[in-house]
Amino acid sequence: QVQLVESGGGLEQPGGSLRLSCAASGSQFSLYRMGWYRQAPGKQRELVAQITSDGTINYADSVKGRFTISRDNAKNTLYLQMNSLKPEDTAVYYCNQYRAFFGDYWGKGTLVTVSS
């Protein structure tokens, strides 16, 4: 059973920064594609950033240049550094792990609120 536990969300002012973490259970963390998704009120869940097992990264256009995804395979942990936050970044942020043949696993999410 895969468990993904997000942390680091909270209330931040526009222009501020937050760092999200996702602790993953299980072995072979380094083999799996990991990602961050978000869902704003009344909107569909969308991809924020993804990092593959070989380190290939892609970002949503809306966060390019502001957010940085990274992983520490020794700690089974995924990160999302979010800088220059905007009110439109307000959402529940979900950690995702994709395993071939098994599909997607999700955390319960952490709320990020950007407001003055």
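Refer to the preceding data block for the structure.
Residues numbered from 1 in each chain as written. Predicted model: local features only at pLDDT ≥ 70, side-chain atom pairs only at ≥ 80, totals over all residues. Heavy atoms only, no water.

(A) Structural detail: the state of the cysteines. For the structure shown, the criterion picks out one disulfide. With its sulfur 2.1 Å from that of its partner, cysteine 22 forms a disulfide with cysteine 95. Between cysteine 22 and cysteine 95, the disulfide has an S-S torsion of -80 degrees and is therefore left-handed. Placement of the pair is cysteine 22 in strand β3 (residues 18–24) and cysteine 95 in strand β9 (residues 91–99), with a sequence separation of 73 residues. On the basis of relative accessible area, cysteine 22 is assigned to the buried category, the value being 0%. (Disulfide = S-S within 2.5 Å. Helix = DSSP H or I, 4+ residues; strand = E, 2+ residues; numbered from the N terminus. Buried < 20%, exposed > 50% of the residue type's maximum accessible area, 1.4 Å probe, protein only.)

(B) Fine view of unusual backbone geometry. Of note in the backbone geometry, glutamine 28 takes a positive phi value of approximately 60 degrees without being a glycine. Here glutamine 28 is to be found in the loop between β3 and β4 (33–39). Unlike most non-glycine residues, asparagine 76 shows phi in positive territory, near 55 degrees. Summarising the element assignment, asparagine 76 is placed in the loop between β7 (67–72) and β8 (77–82).

(C) Broad picture of the packing of aromatic side chains. Counted according to the given criterion, the structure contains one aromatic pair. Relative to tryptophan 106, the ring of tyrosine 37 has its centre 4.9 Å away and its plane inclined at 75 degrees; by these criteria the two rings are edge-to-face. In this pair, tyrosine 37 is assigned in strand β4 and tryptophan 106 in strand β10 (residues 103–106), connecting sequence segments 69 residues apart. Using a relative accessible area of 37% as the deciding quantity, one classes tryptophan 106 as partly exposed. Sitting over the ring of tyrosine 79, arginine 19 keeps its end group 4.0 Å from the ring centre. Residue placement shows arginine 99 over the ring face of tyrosine 105; its charged tip is 5.6 Å from the ring centre. (Phe/Tyr/Trp six-rings, centres within 6.5 Å; stacked < 30°, edge-to-face > 60°. Lys NZ or Arg CZ within 6 Å of the ring centre and 35° of its normal.)

(D) Structural view of the nonpolar core. Counting 26 residues, the largest nonpolar core has Trp36, Val48, Phe67, Leu78, Leu80, Met82 and Tyr93 as the members making the most contacts within it. Listed by contribution, the elements that provide at least two residues to this core are β3, β4, β5 (46–51), β7, β8, β9 and β11 (110–114). Looking at this core, the element that brings in the most residues is β3, giving four residues. Once you skip the residues sitting within four places of it in the chain, leucine 78 turns out to touch Leu20, Ser21, Cys22, Phe29, Met34, Gly35, Trp36, Ile51, Ile69, Ser70, Arg71 and Cys95. (Core = buried A, V, L, I, M, F, W, Y, C linked by side-chain atoms within 4.5 Å. Contact = heavy atoms within 4.5 Å.)

(E) How the structure looks around the pattern of salt bridges. This structure, assessed with the given rule, holds four salt bridges. Residues lysine 64 and aspartate 61 are paired through a salt bridge, measuring 3.1 Å at the closest nitrogen-oxygen approach. Among the residues examined, aspartate 61 registers a relative accessible area of 65% and is labelled exposed. Across the salt bridge formed by aspartate 89 and arginine 66, the nearest N and O atoms sit 2.8 Å from each other. With a gap of 23 residues between them, aspartate 89 in the loop between β8 and β9 and arginine 66 in the loop between β6 (57–59) and β7 connect regions that are remote in the sequence. Exposure class is identical for aspartate 89 and arginine 66. Each is buried. Overlapping salt bridges, with partners in common, bring together Arg38, Glu46, Arg66 and Asp89 in one network. (Salt bridge = Lys/Arg side-chain N within 4 Å of Asp/Glu carboxyl O.)

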